Amino acid sequence: MTTMAMRSWDGLLAVLRWTSMAVLVFMMVSICYDATMRYVFAAPTSWSLEINSFLLVYLAVIGAAEAQHHDAHIRITFFKDKLPTRIRAIIDITTGLMGMLFCIILVWRGGIMTMQAFEYSERVSSSLGTPMVYPYALLPIGFAALGLQFLIDAARAAKRFRHSLEQPAENR
């Protein structure tokens, strides 16, 4: 990976991280506002539930690439940590490629769903009538970012594997 491309990727992930934080703050404020309006003034908002449902999807799919980048997903590594470096690298390469394959499928299917929502002008049946193309578009965007991060992780694991081949047998 070139340094410039990796810095650009890190910059994109930073933008996604900051937008996710802003979305989370907005969700917190709007849910508190809706609860106050509902239980204090008996006048609930018509938009809060719908908007926050879509923003929750945003947080889940867009934040996944950032979590993968920082190795922050939950995992059990008790047995893997006891394996030799080469075997761990092979497991990481396999995991990265399988994760990328899974993301490719979700980008493909999410893209189809998004295009159909656009083509048929699908809308939520609520007072807002939000076009479904927007929340559906989050799926291919988020899983494309996650798939790219899986590819980067697999490439780093392949580099570790090549490096382990160059080391003497006693250091493996």
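My aim in this report is to walk through the structure given alongside it, one point at a time. (Residues numbered from 1 in each chain as written. Predicted model: local features only at pLDDT ≥ 70, side-chain atom pairs only at ≥ 80, totals over all residues. Heavy atoms only, no water.)

### Focus: the nonpolar core
Grouped burial of nonpolar side chains is what soluble globular proteins tend to show.
Phase 1: The biggest cluster of nonpolar side chains holds 20 residues, and the ones touching the most others in it are Trp9, Val23, Tyr58 and Leu146.
Phase 2: Counting only elements with at least two residues in this core, the list comes to helix 1 (3-39), helix 2 (48-69) and helix 4 (133-166).
Phase 3: No other element matches helix 2, which puts seven residues into this core.
Phase 4: Residues within four places of Trp9 in sequence aside, it is in contact with His69, Ala145, Leu148, Gln149 and Ile152. (Core = buried A, V, L, I, M, F, W, Y, C linked by side-chain atoms within 4.5 Å. Buried < 20%, exposed > 50% of the residue type's maximum accessible area, 1.4 Å probe, protein only. Helix = DSSP H or I, 4+ residues; strand = E, 2+ residues; numbered from the N terminus. Contact = heavy atoms within 4.5 Å.)

### Details of unusual backbone geometry
Negative phi characterises most residues that are not glycine, and trans characterises most peptide bonds.
Phase 1: Residue Ala42 is not a glycine yet carries a positive backbone phi of 55°.
Phase 2: Assessed through its relative accessible area of 65%, Ala42 is described here as exposed.
Phase 3: One non-glycine residue, Ser121, lies in positive phi territory at about 50°.
Phase 4: Residue position: Ser121 is located in the loop between helix 3 (85-119) and helix 4.

### Overview of the environment of Leu146
Phase 1: For Leu146, the location among the structural elements is in helix 4.
Phase 2: Apart from residues no more than four positions distant in its own chain, Leu146 is found in contact with Ala64, Ala65, Gln68 and Cys103.

### What to know about the layout of surface pockets
Phase 1: Taken as a whole, the largest pocket holds about 350 Å³ of empty space.
Phase 2: Forming the boundary of the largest pocket are 16 residues, of which Gln68, Asp71, Arg75, Lys80 and Asp92 lie nearest the centre.
Phase 3: Taken together, the elements giving at least two residues each to the lining of the largest pocket come down to helix 2, helix 3 and helix 4.
Phase 4: By residue number, the principal contributor to the lining of the largest pocket is helix 4, which donates five residues. (1 Å grid on protein atoms, 1.4 Å probe; cavity = no way out; pocket = protein on both sides within 12 Å on 5 of 7 lines; lining within 4 Å. Points joined across faces, edges and corners; volume = space filled by probe spheres on them.)

### A short note on the pattern of salt bridges
Between side chains of opposite charge, pairing is possible as soon as their charged atoms come close.
Phase 1: Under the definition given, this model contains five salt bridges.
Phase 2: Across the pair Arg38 and Asp34 runs a salt bridge whose closest N-O atoms are separated by 3.6 Å. With Arg38 and Asp34 both in helix 1 and four residues apart, the pair spans about one turn of that helix.
Phase 3: A salt bridge links Arg160 to Asp92; the nearest nitrogen and oxygen atoms lie 2.3 Å apart. Of this pair, Arg160 sits in helix 4 while Asp92 sits in helix 3; the two residues are 68 residues apart in sequence, bridging distant segments of the chain.
Phase 4: Classification of Arg160 by relative accessible area gives partly exposed; the value is 38%. (Salt bridge = Lys/Arg side-chain N within 4 Å of Asp/Glu carboxyl O.)

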